[in-house]
Amino acid sequence: MNVAIDIHELRRDYVIRSILSNKIKRVVKALNGISFKVKKGEIFGILGPNGAGKTTTVKILSTLLLPTSGTAKVLGYDVEKHPIEIRKRINLVMGGERNLYQRLSTLENMEYFAELYDVPLKIRKKRIYDLLELAGLQEERWRDKVETYSKGMKQRLQIARGLINDPDFLFLDEPTIGLDPIGARELRNIVKKLKRMGKTIIFTTHYMQEADELCDRIAILDKGRIITIGTPTDLKKMHTEKFQIELILSFITHEHIERLQNLKYVNHMRTKELEKNIHLFIDTQACSEAVESVFNVLHGIPIQDVSIKKSTLEDVYVKLLGGEHNQS
Amino acid sequence: MRYLRVFLAVLKMQTKISFSRNLFKFSVLIMPIFFSTLLYFVYDKASNSSSSYIMLGSAVASLWGVTCYSSAIEIERERISGTLESVSMTPIGFEFIIFSKIIANTVIGLISFGVTLVYSSLILQISLPVYSYRQFVLWFLILLFSFISMSFLLATLLTLSGNAFAWMSTVQYPIYFLSGMLFPVKILPKWVQYISSVIPIRWSMESLMKIVSGMPNSSIIPNLISIILSLLYLALAHYSFRIIEIKRRKEGTLGGF
Ligand SMILES: Nc1ncnc2c1ncn2[C@@H]1O[C@H](COP(=O)(O)OP(=O)(O)OP(=O)(O)O)[C@@H](O)[C@H]1O
Ligand SMILES: [Mg+2]
């Protein structure tokens, strides 16, 4: 089987105790029984609001935390029983500036972790150079202390460090957080390159476009539960109308509006008056058919502008989570 | 071989990081001088035993200061900076890395030891009538072993306590009094002496002090006690590490913030 990750009914509670009496103050149910599988070579995205349980999932899979109940297998190994086997084959990159030795240089950080991962001496130097190159860290800064780096440089170094053991499986927890648009795009390109190299990647993010662009499949998590799971295209199909057509007209009659609303391919329509023009918003699943029939109805009315918008993953996300969260 | 290479990498890294801190440079290079100067004025310089405290006692005390301080604090530092997570994800295992760190700190602490010896012999003009250098070196190694085992256990327990910074000084200072580094254990109240007797350093110090006072000392009993206690401490530390590992993964408290 080509399953890289197999999670079944995974639960994780955090017990918060009072410092003085050690009594249990609160139990946070971070994961409430999640199950999913990730195939080898896949890029799998975990989305969800703050506190949804994304980092907890990633930490359990990377052997930093134990499940409270349920099972999690990485590359066939159980996280509870065979952490060492898993550790040899995976690595984790956390977004942000932590997880590096600030008082060491890039090269020193890389050499240290290369030793801990037992990277063969013969290929060590070349691998470090290649990875730093891949991560796009300028060579003239390799000997400077990490504490003198910008956020983006630290993040690049983290990526390079995360690849030092040539892992089959890479976990990225919000890898683009705090990067400038170009930096974030470069990082996405690195992720794509890694996929081409055959690596399996699980990553979490708050940026929908990023998930849409990179992920083969996505799970949306909320309050420790999986709300939905599927390819970005599937999710968009399942949870929202596919297209929104916006037309700008100088005028329109009630009769026209009625006829438009009764068209077969128009699922929903809304009008709005803006700066003396009429804006029509039409939701549809069949774009070309809808456009054709709408234009037929509007024959004779001057159309000033037309735009067609494909619904985005963000629309799905907001639809699934938005309302509920605005209330709470 | 693999373990030796990891140890060397840890030693290199630990030395670089430690010496990039000014406070650390101070405590390694300057503190020992304070120590021996202080003892120089406290003790009557005439007798053999006082010169052994001024020179060897303060050297050992400085060594203890460096080893204990950095061993306890280093884990906490790594926890705060998040590197503890990255390091404990490596297949070599968190325990061996911490153990290496502690040996590394002891090796770095030897610089302090050396500074004290040089300072007290050149500036304070103190000389030690060492009975046998071969015995001295051998027993000094046993002392280092007791340092390493104690620091390892302390580092583990402090990590378990989750509040290393607060506990560190509470543990570091009593050792100065209890272990016979700065004055003989015999002058302590009887009940305190009982506490002393479970500290391996105390037994090693007893033997070493005799040799550097020019006395023949062929009794290996105190050294044997020191070794046995040290082994016990190591076993205890190893066991605590099991608990730490489980606690860390189960409670999620030792990982991040
Ligand atoms: N060490 C801990 N002790 C207690 N509770 C914790 C701990 N770590 C996380 N939690 C709680 O578990 C829940 C899930 O946290 P988690 O970090 O997995 O969320 P997340 O999806 O990564 O959120 P974010 O988008 O903010 O990073 C939250 O309610 C959080 O408060
Ligand atoms: Mg998170």
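So, here's what we can say about the structure. Residue positions are given per chain, counting from 1 as you read along its sequence in written order. Working convention: letters from A go to chains and numbers from 1 go to ligands, in the order in which they are written. Totals for whole chains, interfaces and linings use all residues, but because this is a predicted model, local features are given only for residues with pLDDT of at least 70 and pairs of side-chain atoms are given and counted only at 80 or more. By convention in this description, side-chain values take in all heavy atoms of the structure and omit both hydrogens and water.

All right, on to the overall build of chain A then. Check the secondary structure of chain A and you find 11 helices and 14 strands. The principal-axis extents of the C-alpha atoms in chain A amount to approximately 75 × 55 × 45 Å. Working note: accessible area of chain A is about 16,300 Å², and carbon and sulfur atoms make up 50% of it. Positive: Lys, Arg. Negative: Asp, Glu. His and the chain ends are not part of the count. Taken as the charge location is NZ of Lys, CZ of Arg, CG of Asp or CD of Glu. Here chain A carries 52 positive and 43 negative side-chain charges, and the mean point of each set is 6 Å from the other. Think of it this way: any DSSP run of H or I at least four residues long counts as a helix, any run of E at least two long counts as a strand, and we number them from the N terminus. Accessible surface is estimated by sampling points in the Shrake-Rupley manner with a 1.4 Å probe; for residues, cover comes only from the protein chains shown.

Residue and element names in this part refer to chain B. The patch calculation keeps residues exceeding 30% relative accessible area without a salt bridge and links them within 9 Å when they carry like charges or within 5 Å when they are nonpolar (Val, Leu, Ile, Met, Phe, Trp, Tyr). The term salt bridge refers to a pairing of a side-chain nitrogen on Lys or Arg with a carboxyl oxygen on Asp or Glu at a separation within 4 Å. A surface patch of nonpolar side chains, amounting to about 610 Å² of accessible area, comprises Leu23, Phe26, Leu29, Ile30, Met31, Phe34 and Ile111. With 6 residues, the single largest contributor to the nonpolar patch is helix H2 (residues 22–42). As for its placement among the helices and strands, Phe26 is situated in helix H2.

Glancing now at the packing of H2(B) against helix H5 (residues 94–122) of chain B. A pair of packed helices is captured by two measures, namely the crossing angle of their axes and the spacing between those axes. Residues and elements named next belong to chain B. Throughout, an axis means a line fitted to C-alpha atoms (over the contacting stretch in the case of helices), and angles, computed between N-to-C directions, take values from 0 to 180 degrees. Contact pair H2 / H5: the axes reach a minimum separation of 9 Å and the direction vectors enclose 35°. The handedness of the crossing between H2 and H5 comes out as right-handed. From H2, Phe24, Ser27, Val28, Leu29, Pro32, Ile33, Ser36 and Thr37 reach across to H5, where they touch Ile108, Ile111, Ser112, Val115, Thr116 and Tyr119. Residue polarity follows a fixed list, in which Ala, Val, Leu, Ile, Met, Phe, Trp, Tyr, Cys and Pro are nonpolar, Asp, Glu, Lys and Arg are charged, and the others, Gly among them, are polar. For the contact of H2 with H5, the per-class residue count stands at 9 nonpolar, 5 polar and no charged. Left-handed describes a crossing whose near helix is turned anticlockwise from the far helix through less than a right angle; right-handed describes the clockwise counterpart. Note on contacts: a residue pair is in contact if any heavy atoms of the two residues lie within 4.5 Å.

For an α-helix the count is 3.6 residues per turn, leaving residues at separations of three or four pointing the same way. All names here are of chain A. Classification of residues uses two cut-offs on accessible area relative to the type maximum, computed with a 1.4 Å probe and protein chains only: under 20% is buried, over 50% is exposed, and between them is partly exposed. By the burial criterion, the buried members of helix H10 (residues 287–297) are Cys287, Ala290, Ser293, Val294 and Val297. Taken down its axis, H10 places every buried residue within 140° of arc, on the same side. Turned more than 90 degrees off the buried face of H10, the exposed positions are Ser288, Glu292 and Asn296. Of the surrounding elements, those touching the buried residues of H10 are strand E11 (243–249), helix H9 (254–261), strand E13 (277–284) and strand E14 (303–310). What the arc measures is the spread of directions leading from the helix axis to the C-beta atoms.

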